[in-house]
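So the chains spell out like this:
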Amino acid sequence: MDQKIISLAAEKTADRLQEFLQSLKDNDLANLLQNQAVKGKAAGALLRAIFKGSPCSEEAGALRRLKIYICGIHLVESGDLQKEVASEIIGLLMLEAHNFPGPLLVELAREFVGAIEEGSLTNGKSLELLPIILTALVANKENLAYGKGVLSGEECKKQLINTLCSGRWDRQYVIQLTSMFKLLDLVTVPSGELRHVEGTVILHIVFAIKLDCELGRELLKHLKAGQDFSNNICPFSIALLLSVTRIQRYEEQVFDLLKASVVKSFKDLQLLQGSKFLQNLVTQRSCVSTMILEVVKNSVHSWDHVTQGLVEFGFILMDSYGPKKILDGKTIETSSSLSKIPNQHACKLGANILLETFKIHEMIRQEILEQVLNRVVTRASSPISHYLDLLSSIIMYAPLVLQSCSSKVTETFDYLSFLPLQTVQGLLKAVQPLLKVSMSVRDSLILVLRKAMFASQLDARKSAVAGFLLLLKNFKVLGSLSSSQCSQSIGVSQVHVDVHSRYNSVANETFCLEIIDSLRRCLGQQADVRLMLYEGFYDVLRRNSQLANSIMQTLLSQLKQFYEPEPDVLPPLKLEACILTEGDRISLQEPLDYLLCCVQHCLVWYKSRVMPLQQEEEEEEGFYQDLEDMLESVTSRMIKSELEDFELDKSADFSQNSGVGIKNNICASLVMGICEVLIEYNFSISNFSKNKFEEVLSLFMCYKKLSDILNEKAGKGKAKTANKMDSFLSMKFVSDLLTALFRDSTQSHEESLSVLRSSNEFMRYAVSVALQKVQQLKETGHVSGPDGQNPEKIFQNLCDITRVLLWRYTSIPTSVEDLGKKEKGKSISLLCLEGLQKIFSAVQQFYQPKIHHFLRALDVTDNEGEEAEGSVSHRAAFQIRQFQRCLLNLLSQEEDFDSKEALLLVTVLSNLSRLLEPSSPQFVQMLSWTLKICKENSWEDASFCKGLMNLLFSLHVLYKSPVTLLRDLSQDIHGHLGDIDQDIEVEKTNHFAMVNLRTAAPTVCLLVLSQAEKVLEEVDWLITKLKGQVSQEILSEEASSQATLPNHPVEKAIIMQLGTLLTFFHELVQTALPSGSCVDILLKDLCKMYTILTALVRYYLQVCQSSGGILKNMEKLVKLSGSHLTPLCYSFISYIQNKSQSLTCTGEKKGKAPAVATAMARVLRETKPIPNLIFAIEQYEKFLIHLSKKSKVNLMQHMKLSTSRDFKIKGNILDVVLREDEDDNEGTASEHEGQNKEPAKKKRKKEMKCLS
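Residues numbered from 1 in each chain as written. Predicted model: local features only at pLDDT ≥ 70, side-chain atom pairs only at ≥ 80, totals over all residues. Heavy atoms only, no water.

Engineer: Could you clarify how one ought to interpret the overall build of the protein in this entry?
Structural biologist: The secondary structure content of the protein amounts to 54 helices and four strands. Here the protein holds 1252 residues, and 52% of them are scored as buried. Partitioning the contacts of the protein with sequence separation of at least 6, the portion at a separation of at least 24 is 75%. By element, 51% of the accessible surface of the protein is carried by carbon and sulfur atoms, the whole surface being about 58500 Å². (Helix = DSSP H or I, 4+ residues; strand = E, 2+ residues; numbered from the N terminus. Buried < 20%, exposed > 50% of the residue type's maximum accessible area, 1.4 Å probe, protein only. Contact = heavy atoms within 4.5 Å. Areas by Shrake-Rupley, 256 points an atom, 1.4 Å probe, with all protein chains shown as cover.)

Put into structure tokens, the structure is as follows:
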């Protein structure tokens, strides 16, 4: 009967089929379908035929269709069918649902709801049909009878869902029902309402877990399932996990899981961003950090149970991944570095979680603030910049709100005397907005600072000075210049709160004058305290110009103590009075150079900014006239003074061991500092006067003489004293000086500037100071001197300095400059290049968002209208072309090749190339140019070769995978170094001229091995990702052949990468590498290669059944590994062991114990990775055997079980060896190597033929 129905269905018209089906009873038809389905015989074809012969247009046909449809549902639920048959029936029923008329769809849906309420479903598989039926119901436009009324399809659906949700569900199919709701196209509810529902669900789940611990274990097991946790996670599951942390037994597990997933997410992101190969294969998913911040945002909807977990997690991330101490106790704080490492991202995420939580939840604010302040106080010995940044952000967000928590801040002030100075400065800067709105906080701070001023600890007194200076800067006195007049914007950590009425300004003046009185007492304290004061007064003066009289008077009276008023007395300053002698201990009492520096900056600023506005108050100008006269007198007398006048001539003692030597060193540094201060002062007031410039040059000559003596005395083996000192020149002055020296072409300035330009040493000195300033910026994030803490001003100065250095280097190359007289030290052009390299690096480290402005500032031909046109890539490419020309010119000089300059140029090109968009044509041009240089130039300079190759690889990985590059380079290395078998002559390939006998090993060899390791890491990451996907498919029990198809491109890419890497290793294991790091790293990389091959084999063990076997490419890869790598690995091992043996023998023949020890140590180091490699090969072969059995493909046919590990002793050879050497162990080893040498040779020759 079934055959007849199927044959009738094959006819063009369904008339005969309909007649035949009408002649049958519905029960007979249902029984026939049941029998066929249970037997697994063509049930799908029969069901399709019945539906074809039961059109909905006829009532009888529609009822028959309904009866058969319900029969199909019962069959699926019975559990008697094979999995494939059940899936086929469900698929057909899904397709047919849309053909039913509205009333029958309602009937079907009610059948389902009834079965769920009664609990009559067996396995719940048929529930997949319910969403389809409900969707079809909505699509039906007719009005339907439902209950006592008439409803539309959409209303019917709502009623059915309400009925479904109001009943109790059997435990066994709760999961299927929940999954079913995901498929339903439900009406969108407002997100707020949905979040409230989610919050309630989370509460219920947590309550259930408290009652039954097994549920908690299952939840964690489910989320950990698969290799990649981030694939299983969403904001809801994160919120759920954070709520579960309130249960103590799960707290640690959950936080560890979340912490690991955050770091892994950032590491994955870093890996993806650094590899075009991965970007082409893997789509970037939403980052875990984004989901966590979404949880913070959602927690506003009464998710109080999540909030506590969020706060704890935020602090865990900051504690675990904050900056760590480095050797000299400093931390390099990079606010916006080009590529932060994952740990830094994790720490930043922790801070963002806490800040956003603080903004949203009022109840938790006090706790967050308390915990941050506790860490600032208790972890003072560790770097806490991240906590201070968070504190600053919190206070900036709501200083007025924080007034309620101000008691916690005032408690913290009590510890100021015991905290390191850096912490105190950061803390006071962070709480500064709060001081402006809370008088009580300000008063308590002043009280603490006054106590600290008289503390016995030096750091406490320095902290008091720092605190008072900060207050002076930020409490404006009535009549002070605005910040725009001061050309200084208020720091970013401030908040503009308008509480400064006239009364407050007057009160501020009294308050500020009181503070200045307190600070005057510091002028009798140690040099460090005075120094802080001098460094801070200038900023105070600019922010509070009304305090100028008090400050200048203080400075004048202090300077008079050390000034010789008689105009004929030389030297003009009492240096002896600056030095304190206590018994044998000699120290600096008065930092006169810093005092003079402060005086000159304040004086120049006051004359240019304040005096033009104060013409009426002439009587006040006496102080400034006095200071001006004193500086003029000091200048003229310093020029007249000889080094003998300071007792600092060549005959003086500068050793650090004697009291006189220490005193002379202190005096010398004071004199050099004073010279620098006077150089800047006289240049600033010169107005391009020739006489003034002559004075500047004379002061420089004094500085230079002293600097040369100190360098000479310091000796070659020690650090040079002169280079240790920070220059007193301000960054703005360095910028102005360089511009005048190299770029000022004004006719009226020509004659006076020629005075300075005539001295090459002075120009070299100017560039050297610029270098020093940039280096200081890179190391600390700021520079010394005025505006040294102002990022905007520093950036502007950097732009100006770069423009000058760039012009000087490109206009006057080193080759032209060197044709003149030879002088000691680096040429000015080389110094300019060094400066450019440091600046490009610093700008990318600290000013990443301003790169476009920076490049625009360098382009002197730029017009305003072109701003929109030139992208960063265009502008960077323009600069790159200039440096490319310079490098090509340098490479064309065959005799005078300067490797240091070449390396600097390569570093500059590397820095600039990071600004190119990898998809831009400029990037491709840069890559092609670098490739060409590497292929055509054969300089035998290891450092230059390393720099250029690193540049090539860094570009290549962002364009495509570098495996073919590695293969070519390995062939070149093999050609230059020769074969491990001396009888075989290797043909030289010469792909890259840069690879030659001098650079092949270790330079290029180590570089290619390092790059191969990165490729292996990428492949390993991909295999892990594939395994995770397979695990999830298996867990969901929905794995099918279609599910694995999307992985095929990834699998092919992995196999191609490993295949090319295999040929790369094939070359290197045949290369006669020198002993040392090359051999060591090659063995480790080979071990990693086999481990990853094993991982791939294990992946295929997981999928080969569901995907119907393994790829043909995989078979080829296995064949290649068996023929081209494994045998050669064993030959290479024998080669290393023979070499090690000869090394040991050489050491013993020499008879020197140290020689033997060194040789043995090297042998041990090089042979240590050998057992690991052999184990990795054996593991690979073991899993290949398993895969061969499972896939029914003989993968072992190309694997030769090696005899290289067969330690069989041949007696006749042993006797000979024993007679030659008494050491039987060594004899056995020698015999063993001899035994295996010949087969290895033969194998090698075959392999070479095989490859060709």
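Engineer: Explain a nonpolar patch on the surface here, please?
Structural biologist: Where nonpolar side chains cluster on the molecular surface, the patch consists of Leu194, Val197 and Val201 and spans about 210 Å² of accessible area. Residue position: Val201 is located in helix H11 (residues 191-211). (Patch = residues over 30% accessible without salt bridge, like charges linked within 9 Å, V, L, I, M, F, W, Y side chains within 5 Å. Salt bridge = Lys/Arg side-chain N within 4 Å of Asp/Glu carboxyl O.)

Engineer: What's the story with the packing of aromatic side chains in this structure? I'm lost.
Structural biologist: Here the distance between the centres and the angle between the planes together describe a pair of aromatic rings. Enumeration over the complete set of coordinates arrives at 24 aromatic pairs. Consider the rings of Phe51 and Tyr69, whose centres lie 6.3 Å apart with planes at 50 degrees: the pair is tilted. Here Tyr69 lies in helix H5 (residues 59-78) and Phe51 lies in helix H4 (residues 43-52), a separation of 18 residues in the sequence. Exposure remark for Tyr69: the relative accessible area of 0% places this residue in the buried category. Among the aromatic residues, ring-to-ring pairing joins Phe795, Tyr809, Phe840, Tyr847, Phe854 and Phe883 into one connected group. Over the ring of Phe475 we find Arg442, and its NZ or CZ is 4.8 Å from the ring centre. (Phe/Tyr/Trp six-rings, centres within 6.5 Å; stacked < 30°, edge-to-face > 60°. Lys NZ or Arg CZ within 6 Å of the ring centre and 35° of its normal.)

Engineer: Would you mind showing me how to read the pattern of salt bridges here?
Structural biologist: Opposite charge on two side chains makes pairing possible when the charged atoms of those side chains draw close. Taken as a whole and judged by the stated rule, the model has 35 salt bridges. Residue Asp319 pairs with Arg375 through a salt bridge whose shortest N-O separation is 2.9 Å. With a gap of 56 residues between them, Asp319 in helix H17 (residues 304-321) and Arg375 in helix H19 (residues 365-378) connect regions that are remote in the sequence. Residue classification places Asp319 among the partly exposed positions, given a relative accessible area of 28%. Arg375 sits in the buried class, given a relative accessible area of 11%. Among the ionic pairs, Glu751 bridges to Lys690, the shortest N-O distance being 3.4 Å. Of this pair, Glu751 sits in helix H34 (residues 750-757) while Lys690 sits in helix H31 (residues 690-714), and the two are 61 residues apart along the sequence. Within this structure, Asp319, Arg375 and Arg379 form a network of salt bridges that share partners.

Engineer: Would you mind showing me how to read helix H23 (residues 439-453) here?
Structural biologist: The periodicity of an α-helix, 3.6 residues per turn, causes residues three or four positions apart to be oriented the same way. Counted at 1.5 Å a residue, the expected span for H23 with its 15 residues is 21 Å, and the 21 Å between its end C-alpha atoms agrees. Within the span of H23, buried status applies to Val441, Arg442, Leu445, Ile446, Val448, Leu449, Ala452 and Met453. Buried residues of H23 fall within an arc of 165 degrees about the axis and therefore sit on the same side. In H23, the exposed positions angled more than 90 degrees off the buried face are occupied by Leu447 and Lys451. (Expected span 1.5 Å × (residues − 1). Arc of directions from axis to C-beta.)

Engineer: How should the side chain of Thr802 be read in this particular structure?
Structural biologist: Tracing the sequence through the fold places Thr802 in helix H36 (residues 791-811). Excluding residues that lie within four positions of it along the chain, Thr802 makes contacts with Leu836, Ile839, Phe840, Phe854 and Leu858.

Engineer: What is the right way to look at the pairing of strand E3 (residues 579-582) in this model?
Structural biologist: It is a general feature of regular strands that their side chains alternate between the two faces of the sheet. Note that E3 and strand E4 (residues 585-588) share four bridges and pair antiparallel. Along E4, the bridge assignment pairs Glu582 with Arg585. The hairpin formed by E3 and E4 contains two residues between the paired strands, and Gly583 there has a positive phi angle of roughly 65 degrees. (Pairing = 2+ DSSP bridges.)

Engineer: Could you clarify how one ought to interpret unusual backbone geometry in this entry?
Structural biologist: The general pattern is negative phi for most residues beyond glycine and trans for most peptide bonds. A cis amide bond links Leu570 with the next residue in sequence, Pro571, at an omega value of -10 degrees. Here Pro571 lies in the loop between helix H27 (548-560) and E3. Cis peptide bonds are those with omega within 30 degrees of zero, and the linkage from Ala1001 to Pro1002 qualifies with 0 degrees. A positive phi is found at Asp787, a non-glycine position, where the angle reads about 65 degrees.

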